[in-house]
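Next come the chains, spelled out residue by residue.
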Amino acid sequence: MSKNEIDASVAIQVLPNVQENDEIVKIVDEVIAYIKSKNLNTHVGPFETTIEGKYDELMEIVKECQLIAVKAGAPGVMSYVKINYKPKGDVLTIEQKISKHSE
């Protein structure tokens, strides 16, 4: 997908409603594995995962993240989502936002 075909980026933080750290990590890892399986440009950070692509596809991924967390054992889940949407494309990419900080 070229930069001009990207019309949205989403940052999502999924917080499973469980107490044990090991269980939190297990469930979040399953959500991240699902996101990565979509083969979009993705950046996993310590608090959230950022994905870029087409708006409709990203909204489906956000929706599915909740279901994945519950299927993985969370009785409930809280998610925090940030959405950057430009219908005509040309959204700042993950690379443009963070590459200067990686050097």
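Keep in mind the model is a prediction, meaning the values are calculated, not measured.

A. A look at the overall build of the chain. The number of helices and strands found in the chain is three helices and four strands. Starting at the N terminus, the α and β elements of the chain follow one another as β-α-β-β-α-β-α. Relative to its length of 103 residues, the chain is compact, with a C-alpha radius of gyration of 14 Å against a globular reference of 13 Å. In terms of its C-alpha atoms, the chain occupies a principal-axis envelope of roughly 40 × 35 × 20 Å. Here the chain holds 103 residues, and the buried ones make up 34% of them. A fraction of 75% describes how many contacts in the chain between residues 6 or more apart in sequence connect residues 24 or more apart. For the chain, the accessible area works out to roughly 6600 Å², and carbon and sulfur atoms hold 52% of it.

B. Geometry of the packing of aromatic side chains. Across all of its chains, the model carries one aromatic pair by this definition. Between Tyr-55 and Tyr-85, the ring centres sit 4.4 Å apart and the planes meet at 40 degrees, which makes this aromatic pair tilted. Of this pair, Tyr-55 sits in helix H2 (residues 55-71) while Tyr-85 sits in strand S4 (residues 77-85), and the two are 30 residues apart along the sequence. By relative accessible area, Tyr-55 is classed as partly exposed at 27%.

C. Just H2, in detail. Its 17 residues place the ends of H2 25 Å apart at the C-alpha level, agreeing with the 24 Å of an ideal helix rising 1.5 Å per residue. Along H2, the positions that sit buried rather than exposed are Leu-58, Ile-61, Val-62, Cys-65, Ile-68 and Ala-69. Check the buried side of H2 and you find it contacts strand S1 (8-16), helix H1 (21-37), strand S3 (49-53) and S4. Once H2 finishes, Gly-73 follows within two positions and takes phi at roughly 120 degrees, a positive value.

Conventions used here
- Residues numbered from 1 in each chain as written.
- Predicted model: local features only at pLDDT ≥ 70, side-chain atom pairs only at ≥ 80, totals over all residues.
- Heavy atoms only, no water.
- Helix = DSSP H or I, 4+ residues; strand = E, 2+ residues; numbered from the N terminus.
- Rg over C-alpha atoms; globule rule 2.2 N^0.38 Å.
- Buried < 20%, exposed > 50% of the residue type's maximum accessible area, 1.4 Å probe, protein only.
- Contact = heavy atoms within 4.5 Å.
- Areas by Shrake-Rupley, 256 points an atom, 1.4 Å probe, with all protein chains shown as cover.
- Phe/Tyr/Trp six-rings, centres within 6.5 Å; stacked < 30°, edge-to-face > 60°.
- Expected span 1.5 Å × (residues − 1).

Distances and angles like these do not, on their own, reveal function.
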